[in-house]
Amino acid sequence: MSAEDVEAAEDNKPTRWWTLLAVSAAQLLVVLDGTIVNIALPSAQSALGMSDASRQWAITAYALAFGGLLLIGGRVSGALGHRRAFVVGLAGFAAASALGGAAANPETLFGARALQGVFAALLAPAGLSLLTLTFTEPRARGRAFGVFAAVGAAGSAVGLVAGGLLTEYASWRWCLYVNVPVALLAVLGATFVPRDRPAGGGRLDVPGALLSASGFAAVVYAFNEAEPRGWDSPRVLALLATGAVLLAAFVAVELRTPQPLLPLRILVHRARAGAFLAITLLFVAMFGFYLFMSYYTQSALGYSPVEAGLTLIVNALAALVGATFVAGKLHGRVAPVALVVPGLLAAAAGMLILTRLTPDSGNVFWLYLVPSLTLTGLGLGCVLPPTASLATAGMRGHDIGAASAAYNASQQLGAALGTALLNTVASSAAAAYAASHTGATPAAASVHGYTSALVVGFAILLAAACLAWALLAVRGRWPGREPSTSEHSEETAPLP
């Protein structure tokens, strides 16, 4: 039987596609929850009597728990078995969502959001690990990672639309309740997923777990606080310094412990480091982009929240095309660099278009928004599948969960940094413009701020493309093809 016949027979196994369906539904939950609550927050604040100072915890509690516990979640996933961890994560996420939807006071809502983050930190690496273990042939792997990436790329836009519709026509509580049926359907799909063997053995690296959780939480919290307080705030600087010290201590511990939470060989491998770097910088730029699309369409163009969310559907559809019909089809046929670098450049071109906006620009939707949203979506769709595949290629045992967790942590750090950094750039640029242009309207200052931030996003994506080229364009073999003996040894060899 030829290799093509073997792969076709593997493709026809229904359990493989149940795995993809369940993992994609879980990915939608994790990504969607990052934006859907943002839309519902004003209504929740009014209903529960939150203060302006405390309302941010409905967002921050989720981000801190998710980002801080991802590496621990990856290790626990390997120890329990990825399927079992996946089901536990889904069930816990559903229960936390129901608790948040029924919240009678702010404290209950904040606690429920933190619990969602805890279970998402288990769910996300377990799902990516299951996908990695289930789809090993190049053609099937390309399709699976393409669908997985498309769901992730579209999740933010879907969250904005769903949040607007549910808040306007039902209740803000349904922005949390909606997770319950989706999670339960994913649990049902997971019952068809073949059992995997737990990595077994070994103790949890407790010092590494404590240092990683507190270090990541401090950095993410600093990024969240930088948006309202500014980067020169003593609190922000103290949090950043604390996070840097804790993460440096984490690295020192990981180098010495015999069973590290995050084996550093995962990060020092050249191609995998390129994947982590590319996805982090892409998320820095893209989450700032989404933020300004929401601001610009609502404040400058007068769109309603639902209309602003629907506008982003263009981006979601383009990401779907890029992930499934470009990256998914070409996976294993071309080197990852041939997808990652053009994808980053396409996203950069999309941002460059919007830097030409002025307060007097006409026909904005067709001349600016549609081309920009299409290019950024295609770029996102082309980058996500190969970087997710590279992040987990060649991994064994606990390393699969650790690599999956590190990939998700890269996304979370990039998103948190991008939102805070580009918002600060926009605010500073708008204030400087208003001060130097006597008689400038608030709209003109705001648009100048948005375009200034997008110039920074454009530069970040260009830098990401250059770094990805340097790190990924190395050899003629890549994940998705059978590695040579020397390449396989490089993937799995311990640090010297």
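See above for the structure.
A brief report on the enclosed structure follows. Please read all numbers here as calculations on a predicted model, not as lab measurements.

**Quick word on the pattern of salt bridges**
Logical step 1: Applying the stated criterion across every chain, the model contains five salt bridges.
Logical step 2: A salt bridge links R229 to E225, with the shortest nitrogen-to-oxygen separation between them at 2.5 Å. On the criterion of helical spacing, the pair formed by R229 and E225 is a turn pair, its members being four residues apart in helix α10 (residues 206-229).
Logical step 3: With relative accessibility at 43%, the residue R229 sits in the partly exposed group.
Logical step 4: Notably, a salt bridge pairs R265 with D399, separated by 2.8 Å at the nearest N-O pair. Taken together, the positions of R265 in helix α12 (residues 265-268) and D399 in helix α18 (residues 398-436) put the pair 134 residues apart, joining distant regions of the chain.
Logical step 5: Within this structure, E225, R229 and R235 form a network of salt bridges that share partners.

**Here's the deal with the environment of C466**
Logical step 1: Along the polypeptide, C466 turns up in helix α19 (residues 442-472).
Logical step 2: Exposure remark for C466: the relative accessible area of 56% places this residue in the exposed category.

**Focus on the packing of helix α4 (residues 57-80) against α18**
Logical step 1: In the contact formed by α4 and α18, the axes pass within 7 Å of each other and the chain directions differ by 165 degrees. In terms of orientation, α4 lies roughly antiparallel with respect to α18. Judged by the twist between their axes, the crossing of α4 over α18 is right-handed. When α4 is examined against α18, the residues F66, L70, L71, G74, R75, G78 and A79 are found in contact with a partner set consisting of H398, G401, A402, A405, A406, N408, A409 and Q412.
Logical step 2: When grouped by side-chain class, the residues that make up the contact of α4 with α18 number eight nonpolar, six polar and one charged.

**Observations regarding the packing of α4 against α10**
Logical step 1: It is at 8 Å that the axes of α4 and α10 come closest, and there the two elements cross at 145 degrees. The crossing of α4 and α10 is right-handed. For the pair α4 and α10, the contacting residues are W57, T60, A63, L64, G67, G68, L69, L71 and I72 in the first and A209, S212, A213, F216, A217, V220, Y221 and N224 in the second.
Logical step 2: Taken together, the residues of the contact of α4 with α10 break down into 12 nonpolar, five polar and no charged.

**Concerning the environment of A415**
Logical step 1: With respect to the element layout, A415 can be found in helix α18.
Logical step 2: In this structure, the C-alpha to C-alpha distance between A415 and M286, residues 129 residues apart in sequence, is 7.8 Å.
Logical step 3: Leave out the neighbours within four places in its chain, and A415 touches F283 and F287.

**Examining the packing of aromatic side chains**
Logical step 1: Per the counting criterion, the structure on display carries 13 aromatic pairs.
Logical step 2: Between F287 and Y290, the aromatic rings sit 6.1 Å apart at their centres with planes inclined by 75 degrees, giving edge-to-face as the arrangement. With F287 and Y290 both in helix α13 (residues 270-300) and three residues apart, the pair spans about one turn of that helix.
Logical step 3: Residue F287 is classed as partly exposed on the basis of its relative accessible area, which comes to 22%.
Logical step 4: Among the residues examined, Y290 registers a relative accessible area of 10% and is labelled buried.
Logical step 5: On the numbers, 5.9 Å between centres and 55 degrees between planes, the contact of F289 with Y290 is tilted.
Logical step 6: A residue is classified by how much of its surface remains accessible, and F289, at 1% relative accessible area, is buried.
Logical step 7: What links up through ring pairs into an aromatic cluster is the set F283, F287, F289 and Y290.

About the cut-offs
Residues numbered from 1 in each chain as written. Predicted model: local features only at pLDDT ≥ 70, side-chain atom pairs only at ≥ 80, totals over all residues. Heavy atoms only, no water. Salt bridge = Lys/Arg side-chain N within 4 Å of Asp/Glu carboxyl O. Helix = DSSP H or I, 4+ residues; strand = E, 2+ residues; numbered from the N terminus. Buried < 20%, exposed > 50% of the residue type's maximum accessible area, 1.4 Å probe, protein only. Axes fitted to C-alpha atoms, helices over the stretch in contact; angles between N-to-C directions. Parallel < 35°, antiparallel > 145°, perpendicular 65-115°, else oblique. Left-handed = near helix turned anticlockwise from the far one by under 90°. Contact = heavy atoms within 4.5 Å. Nonpolar A, V, L, I, M, F, W, Y, C, P; charged D, E, K, R; others polar. Phe/Tyr/Trp six-rings, centres within 6.5 Å; stacked < 30°, edge-to-face > 60°.

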